[in-house]
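Structural overview
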Amino acid sequence: MMVTRAERKKEHIEHALSTGQNRQTGFDDITFVHVSLPETALSQVDTSTKIGELLLSSPIFINAMTGGGGLATLEINRALAQAASAANIPVAVGSQMSAIKDPEERPSYEIVRKENPKGLVFANLGSEATVEQAQRAVDMIEADMLQIHLNVIQEMVMPEGDRCFIGRLRRIEDICRTVSVPVSVKEVGFGMSSNTAAQLFHAGVHAVDVGGFGGTNFSKIENLRRDKAVGFFNQWGISTAASLAEVSSAFSDRPVIASGGIQDALDLAKSIALGASAAGMAGHFLKVLTDSGEDALVEEMTSLIEDLKRIMTVLGCRTIEELKKAPLVLKGDTYHWLKARGIDPSAYSVR
């Protein structure tokens, strides 16, 4: 039986909550070098950061989750937008192709700008989008940035997914050249290599979001929707930590965004120290919202920022740029991945 796009969106939310996150992000391989004399005060710490020219009050934002599933996803996006406004952090919507193909789904996305009129809002489309569709997505929510997501593994496992990916880089290049806002490209949970990042930056992409392995697993989600599982993709990908180290070491002067299984302030701090300018969180925020409600979500966001400030204080880092230079010791799979990829892990320890 054919499943509608709206039904699929609701299934994705249900399965994302049921499968959870597998904690294979690689962050457990990362340890900060303790500073006994930090010469800092909590009151001096400034968590503001930039994604290119976009100024964020803190490095966290609500990453793309949903939309296009009727009333159910409208109410989720309403709550996310209200929480983002209260916490003064950006929020991204899920793929807007639903609304481009069916105008009746527009309210489930438009609610984000309606409830968060002054905040930073990110539009979202897949790499199959045309220039015209990209601009429509931006205009739909008066977006400050456009995310283009890469989800090849998800599409291959999805029963009704795409099977041809030819020409996607050229379309991304056309969108970057034409659309009215900055463009970031994000992987959706399987990580990004420096090779892919090089292609994207050369195409004119403003920032890359590594979307590493270890968070919500869309192979597992789509396999729950199949009669016969494609199980070998469930462990496919590059961990979030390895992706960040690989991409940021090659492009230290370009905006790199962390996402993929980030669950607390320590994960956030490690992401920044590995080179991220900002970090998107989706699955963790969705679980807090679903389990405990919008007020609890705002409280969680506020606590994350306060905990990040505590970590920065004991590391002697007053700014996000200083945290990017904090010494780290790498071990385990992340260490071996970087060595195999020609990156010196000890460079993080002695800086």
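A quick note: this is a predicted structure, and the numbers were derived from the prediction, not measured.

1. Remarks on the overall build of the protein chain
Along the backbone of the protein chain there are 15 helices and twelve strands. Taking 20 Å as the expected radius of gyration for a compact globule of 351 residues, we find that the protein chain reaches 19 Å, a close match to that expectation. In terms of principal-axis extent, the alpha carbons of the protein chain reach across some 60 × 40 × 40 Å. Taking all 351 residues of the protein chain together, the buried fraction comes to 56%. As displayed, the protein chain has an accessible area near 14,800 Å², and 52% of this comes from carbon and sulfur atoms. In the protein chain, which carries 35 positive and 43 negative side-chain charges, the distance between the mean positions of the two groups comes to 4 Å.

2. Quick look at the packing of aromatic side chains
Tallied over the full model, the rule gives four aromatic pairs. An angle of 70 degrees between the planes, with centres 5.5 Å apart, marks the rings of F61 and F122 as edge-to-face. Here F61 is found in strand β4 (residues 60–62), whereas its partner F122 is found in strand β6 (residues 121–126), with 61 residues between them in sequence. Every member of this aromatic cluster is reached through a ring pair, and the members are F232, F233 and W236.

3. Structural notes on the UniProt feature "binding site: substrate" (unreviewed entry) in the protein chain
UniProt records the feature "binding site: substrate" (unreviewed entry) at R8, K9 and Q154, using the numbering of this structure. Along the polypeptide, Q154 turns up in helix α6 (residues 152–157). With a relative accessible area of 7%, Q154 lands in the buried category.

4. Here we look at the packing of helix α11 (residues 265–273) against helix α13 (residues 294–314)
With their axes 9 Å apart at the nearest point, α11 and α13 run at an angle of 60 degrees to one another. With respect to each other, α11 and α13 are oriented oblique. Between α11 and α13 lies a crossing whose hand is right-handed. Here A265, L266, L268, A269 and I272 of α11 lie close against α13, whose contacting residues are L304, D307, L308 and I311. Taken together, the residues that form the contact of α11 with α13 break down as eight nonpolar, no polar and one charged.

5. Thoughts on the UniProt feature "binding site: Mg(2+)" (unreviewed entry) in the protein chain
Within this numbering scheme, the UniProt entry marks E155 as carrying the feature "binding site: Mg(2+)" (unreviewed entry). By the secondary structure assignment, E155 is in helix α6. We classify E155 as buried; its relative accessible area is 11%. In contact with E155, not counting residues within four places along its chain, are G161, D162, R163 and F165.

6. Section: the pairing of β6
The element β6 is extensively covered by neighbouring structure, given that six of its six residues are classed as buried. Burial along β6 is two-sided: the face carrying V121, A123 and L125 and the face carrying F122, N124 and G126 are both buried. In this structure, strand β5 (residues 91–92) lies alongside β6, joined through two bridges in parallel fashion. Considered in β6, the bridge of V91 is made with V121. Pairing analysis gives five bridges linking β6 to strand β7 (residues 145–150), with the strands arranged parallel. Across the sheet, residue A123 finds its bridge partner in β7, namely L146.

7. Side note on the pairing of strand β8 (residues 183–187)
Most of β8 sits inside the fold, with five of its five residues counted as buried. The alternating pattern of β8 places V183, V185 and E187 and S184 and K186 on opposite faces, both of which are buried. Relative to β8, β7 runs parallel, the two sharing five bridges. Following the sheet pairing, I148 is matched in β8 by V185. Taken together, the three bridges between β8 and strand β9 (residues 207–209) define a ladder with parallel strand orientation. The residue of β9 that forms the bridge with S184 is A207.

Reading the values: the criteria
- Every residue gets a number counted from 1 within its own chain, in the order that chain's sequence is written.
- Under the rules for a predicted model, residues below a pLDDT of 70 receive no local features and side-chain atom pairs below 80 are neither given nor counted, while totals for whole chains, interfaces and linings still include all residues.
- Hydrogens and water are ignored here; the side-chain numbers use all heavy atoms of the structure.
- A helix here means a DSSP run of H or I that spans at least four residues, while a strand means a run of E at least two residues long, and both kinds are numbered starting from the N terminus.
- For this measure, only C-alpha atoms enter the radius of gyration; the expected value for a globule follows 2.2 Å times N^0.38, where N is the number of residues.
- Categorising residues by exposure relies on relative accessible area from a 1.4 Å probe, with only protein chains included: less than 20% of the type maximum marks a residue as buried, more than 50% marks it as exposed, and the intermediate range marks it as partly exposed.
- Accessibility throughout is a Shrake-Rupley quantity obtained with a 1.4 Å probe, and a residue counts as covered only by protein chains that appear here.
- The sign given to each residue is positive for Lys and Arg and negative for Asp and Glu; His and the chain ends receive no count.
- In plain terms, the charge of a residue is placed at NZ if it is Lys, CZ if Arg, CG if Asp and CD if Glu.
- The pairing test for Phe, Tyr and Trp rings, Trp by its six-membered ring, is centres within 6.5 Å, and the orientation test on the planes gives stacked under 30 degrees, edge-to-face over 60, and tilted for anything in between.
- UniProt positions are given in the numbering used here, feature names are shortened, and annotations may be inferred rather than shown by experiment.
- Here an angle of 0 to 180 degrees is reported between the N-to-C directions of two axes, which are lines fitted to C-alpha atoms, with helices fitted over the stretch in contact.
- What sets the label is the angle itself: under 35 degrees gives roughly parallel, over 145 gives roughly antiparallel, 65 to 115 gives roughly perpendicular, and the rest give oblique.
- For any helix crossing, the convention is left-handed if the near helix is rotated counterclockwise from the far helix by under a right angle, and right-handed if that rotation is clockwise.
- Contact between two residues is taken to exist if any of their heavy atoms lie within 4.5 Å; hydrogens are not considered.
- In this count, Pro and Cys sit with the nonpolar residues alongside Ala, Val, Leu, Ile, Met, Phe, Trp and Tyr, while Asp, Glu, Lys and Arg are called charged and the others, Gly among them, polar.
- A pair of strands is labelled paired if DSSP reports no fewer than 2 bridges between them.

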